[in-house]
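# Fold and geometry: a report
These are the residues of each chain, in order.
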Amino acid sequence: MVLPRASASLRNPDVRLPILRKDKSSYYLEMQVDADPEDDRELAVTRRVALNELSQAEWSELEAQYNDLDLSVCNDIGINKALEKISDCRIQRLFLALLTFLNPRQVSIILYLYREAAGQGNGPLISFRSNDLLESLGYSKTKDGGFTARVRSQLNQDLVALHRTELVFARSLQKGEQVGAKVTVKSILRIRDYEIDKVPRNFDLAKAADYTYELADAYTVALEFFEGSSRPDHDVLFSSTIDIKERSGGNAKRDYKSKLLIYLASRMKWDRLRDGQYLLISKNCLLKNLDLLGSNKSRNNKILWRTIEQLNQDDYIHEAQELAGKRNRTKIQFQINPQKIKCINID
């Protein structure tokens, strides 16, 4: 329900550019993903990083650097290029993490952790070895049996980004005759502790994510959206055969099959299957959530249907067809295979 909205890229028209905000007690770097104007069942989500350890002078300096940025050009010249003017490496990485939050690699990490949590049986708390995760993501080992510094550093940065970034969203709540709202604030995961095999070794989790190229050897994290088996009627599950391996080069941003599979599963959380198997979704919503936002509509349509066909071949869906909707808004009806989408639960 939350994952596809929280991972929306800057190309998505529902995404606003990051802002700096402060209240009486805290400073925030935050980014709003508005509700879909064509589908009021899609959540509005705010992703934010609390900047708790800033002095007034540091806040003023950050504001000055922020005012010098032109984040609107990120899609034209690239996010890294747009952030070059930020001299502080920590602040640059915070912006980068917020702008690219829940990228394909981080989504693969989450799928791995939920799969492990289901196997370990300790509820939302999970312990894992860093090398086991890197191996599951498909990274190649070096001659000494380890992984490159770049790959190890990236994993720690991803874990810290998932730990730091809060998701804020509201859902309606019936209170007698009145309708209220329940606001939820959660991170995807919280790092509870980490282990270093070789001591002494000067390792700081946050500093490593912001400035250096290090990785702890093992982590214990709490998955804040994990529901386990306590609410089986609310679970949407993936087959354990889903591919979580990291894709290299341009393919890393073009894993449309996994994007569509996750989006369908998220819709099944709150948009119940009709007759136990049918799901009706606006075509525009599908294109947006697959990041098919280019001006070439013919190309976008071909990629969408090619991706749908891949899910059909893998037996995740039995059939899909276009249906005419109101105001000439095309919808696609999916016939879901509920036996295939069945082994991981993400809110």
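Below is a summary of the structure that appears in this document.

What counts, and where the lines are drawn
- Residues numbered from 1 in each chain as written.
- Predicted model: local features only at pLDDT ≥ 70, side-chain atom pairs only at ≥ 80, totals over all residues.
- Heavy atoms only, no water.
- Helix = DSSP H or I, 4+ residues; strand = E, 2+ residues; numbered from the N terminus.
- Buried < 20%, exposed > 50% of the residue type's maximum accessible area, 1.4 Å probe, protein only.
- Phe/Tyr/Trp six-rings, centres within 6.5 Å; stacked < 30°, edge-to-face > 60°.
- Polar contact = N/O pair within 3.5 Å; in protein donor to acceptor, adjacent residues only side chain to side chain.
- 1 Å grid on protein atoms, 1.4 Å probe; cavity = no way out; pocket = protein on both sides within 12 Å on 5 of 7 lines; lining within 4 Å.
- Points joined across faces, edges and corners; volume = space filled by probe spheres on them.
- Nonpolar A, V, L, I, M, F, W, Y, C, P; charged D, E, K, R; others polar.
- Contact = heavy atoms within 4.5 Å.
- Pairing = 2+ DSSP bridges.
- Axes fitted to C-alpha atoms, helices over the stretch in contact; angles between N-to-C directions.

What follows concerns unusual backbone geometry. Even without glycine at this site, Leu 102 takes up a positive phi of about 60°. The phi dihedral of Asp 275 is positive, around 55°, even though this residue is not glycine. Topologically, Asp 275 is positioned in the loop between helix 10 (256-270) and strand 9 (278-282). Assessed through its relative accessible area of 71%, Asp 275 is described here as exposed.

One pass over the full model with this rule turns up six aromatic pairs. Measuring from ring centre to ring centre gives 5.8 Å for Tyr 114 and Phe 226, while their planes differ by 40°; the resulting arrangement is tilted. Of the two residues, Tyr 114 is situated in helix 6 (residues 104-120) and Phe 226 in the loop between strand 8 (218-223) and helix 10; the sequence distance between them amounts to 112 residues. In this structure Phe 226 comes out as buried when scored by relative accessible area, which is 16%.

Our focus in this paragraph is the environment of Glu 224. As for its placement among the helices and strands, Glu 224 is situated in the loop between strand 8 and helix 10. A residue is classified by how much of its surface remains accessible, and Glu 224, at 26% relative accessible area, is partly exposed. As for Glu 224 and Arg 190, which are separated by 34 residues in sequence, their C-alpha atoms are 7.2 Å apart. Side-chain polar atoms of Glu 224 contact the backbone nitrogen of Ser 187, separated by 2.9 Å.

Looking at the second largest pocket, its volume works out to about 420 Å³. As for the second largest pocket, its lining consists of 18 residues, and the residues nearest its centre are Ala 50, Glu 53, Arg 90, Arg 164 and Ala 206. At the level of elements, strand 3 (45-50), helix 5 (89-99), helix 8 (149-164) and helix 9 (205-210) are the ones that each hand at least two residues to the lining of the second largest pocket. For the lining of the second largest pocket, the element with the most residues is helix 9, which contributes four residues. Here the lining of the second largest pocket is composed, by residue class, of eight nonpolar, two polar and eight charged.

Relative to the assigned elements, Ser 7 resides in the loop between helix 1 (3-6) and strand 1 (19-22). There is a polar contact of 3.0 Å between the side chain of Ser 7 and the backbone oxygen of Leu 3. If we ignore the near neighbours within four places in the chain, the residues touching Ser 7 are Arg 47, Phe 101 and Leu 102.

An order of 4-8-7 is seen for the three strands of this open sheet, with the pairing classed as antiparallel. Two strands lie at the open edges of the sheet, namely strand 4 (125-129) and strand 7 (189-195), each paired on one side alone. Across this sheet, the average inter-strand angle for adjacent strands is 25°, counted without regard to direction. With six bridges connecting them, strand 7 and strand 8 associate as antiparallel partners. From the neighbouring strand, Tyr 194 faces strand 8, where its bridge partner is Tyr 219. Set on the sheet, helix 6 makes contact with strand 4, strand 7 and strand 8; between it and strand 4 the angle comes to about 110°.

Function cannot be inferred from these measures alone, as they are strictly geometric.
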